[in-house]
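Secondary and tertiary structure notes
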Amino acid sequence: MDEYPIPVTSMKDLCDVEISLDTVTVTTKRKRVDVLGDPLDEYSGMEFEVYGVENYLDDYLLSGISTEGVQNKIRKSQVRELGFSFVFSFETNATALCAFIEQLGQKGFYY
């Protein structure tokens, strides 16, 4: 199997932007306490993953679970940091993507 690296742009202290053939993924982190204090509802229409930073196999966003269910699962965990990967279509407007990334910084996301 051949593997091809994808371009990744690091936004210092905020996120990585990974560009593949059909998607753009924004990967970032957030402290557990901040996730629990801020509902995830604003991201409910988006494709994204939430996982443990120390153990990335600890998956908190599973198909069929509401954003409230995700927060309940996080509340029951001992995880200190959570990783987020937000997936966008490759055709996403660059201005909209930049605005989204800027909003992440304002909400306390970091990398």
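Located above this text is the structure these notes cover.
This one's a predicted model, so the numbers in the text were calculated from it and none came from an experiment.

Moving on, we come to helix 2 (residues 67-75). All buried positions along helix 2 are accounted for by Thr67, Val70, Gln71 and Ile74. End-on, the buried residues of helix 2 take up no more than an arc of 95°, which puts them together on one face. Close packing links the buried residues of helix 2 with helix 1 (32-36), strand 4 (47-52) and strand 5 (81-89).

Here we come to helix 3 (residues 94-106). Taking 1.5 Å of rise per residue, 13 residues should cover 18 Å, and helix 3 covers 19 Å from first to last C-alpha, within 8% of that figure. Packed against the buried residues of helix 3 are strand 1 (8-11), strand 2 (15-19), strand 3 (23-31) and strand 5. You can read the cap of helix 3 off the contacts: a side-chain oxygen lies 2.7 Å from the backbone nitrogen of Thr95, and it is on Asn93. Downstream of helix 3 by one or two residues, Gly108 has phi in the positive range, about 90°.

Right, let's talk about the nonpolar core for a bit. Val26, Tyr43, Val50, Leu82, Phe84, Phe86 and Leu104 are the most contacted members of the largest nonpolar core, which has 24 residues in total. For this core, the elements supplying multiple residues, two or more each, are strand 2, strand 3, strand 4, helix 2, strand 5 and helix 3. Ignoring anything within four residues of it in the chain, the contact list for Tyr43 reads Phe48, Phe86, Phe100, Leu104, Lys107 and Phe109.

Here we take up the packing of aromatic side chains. Enumeration according to the criterion identifies ten aromatic pairs in this entry. Summarising the aromatic geometry, the rings of Phe86 and Phe109 are spaced 6.2 Å apart at their centres and angled 75° between planes, so their arrangement reads as edge-to-face. Note that Phe86 is positioned in strand 5 and Phe109 in the segment after helix 3, a separation of 23 residues in sequence. With 5.1 Å between their ring centres and 70° between their planes, Phe88 and Phe100 make a pair best called edge-to-face. Here Phe88 is found in strand 5, whereas its partner Phe100 is found in helix 3, with twelve residues between them in sequence. Judged by its relative accessible area of 10%, Phe100 falls in the buried class. Ring pairing ties together the aromatic residues Tyr43, Phe48, Phe84, Phe86, Phe88, Phe100 and Phe109, which thus form one cluster.

Relative to the helices and strands, Thr95 resides in helix 3. Taking C-alpha positions, Thr95 is 18 Å from Ser20, a pair spaced 75 residues apart along the chain.

The buried fraction of strand 5 is high, at seven of nine residues. Note: strand 3 against strand 5, nine bridges, orientation antiparallel. Paired with Thr27 across the bridge in strand 5 is Ser85. As judged from the six bridges shared by strand 4 and strand 5, these two strands associate in the antiparallel manner. From the neighbouring strand, Gly52 faces strand 5, where its bridge partner is Leu82.

Turning our eyes to something else, we now look at the sheet that holds strand 5. As summarised here, the arrangement of the five strands in space is 1-2-3-5-4, forming an open sheet in which the pairing is antiparallel. Each of the sheet's edge strands pairs with one partner strand only, and the pair in question is strand 1 and strand 4. Here the average twist between neighbouring strands, direction ignored, is 20°. Pairing between strand 1 and strand 2: four bridges, direction antiparallel. Following the sheet pairing, Thr9 is matched in strand 2 by Val17. Helix 3 contacts strand 1, strand 2, strand 3 and strand 5 of the sheet and is inclined by roughly 10° relative to strand 3.

About the thresholds
Residues numbered from 1 in each chain as written. Predicted model: local features only at pLDDT ≥ 70, side-chain atom pairs only at ≥ 80, totals over all residues. Heavy atoms only, no water. Buried < 20%, exposed > 50% of the residue type's maximum accessible area, 1.4 Å probe, protein only. Helix = DSSP H or I, 4+ residues; strand = E, 2+ residues; numbered from the N terminus. Arc of directions from axis to C-beta. Contact = heavy atoms within 4.5 Å. Expected span 1.5 Å × (residues − 1). Polar contact = N/O pair within 3.5 Å; in protein donor to acceptor, adjacent residues only side chain to side chain. Core = buried A, V, L, I, M, F, W, Y, C linked by side-chain atoms within 4.5 Å. Phe/Tyr/Trp six-rings, centres within 6.5 Å; stacked < 30°, edge-to-face > 60°. Pairing = 2+ DSSP bridges. Axes fitted to C-alpha atoms, helices over the stretch in contact; angles between N-to-C directions.

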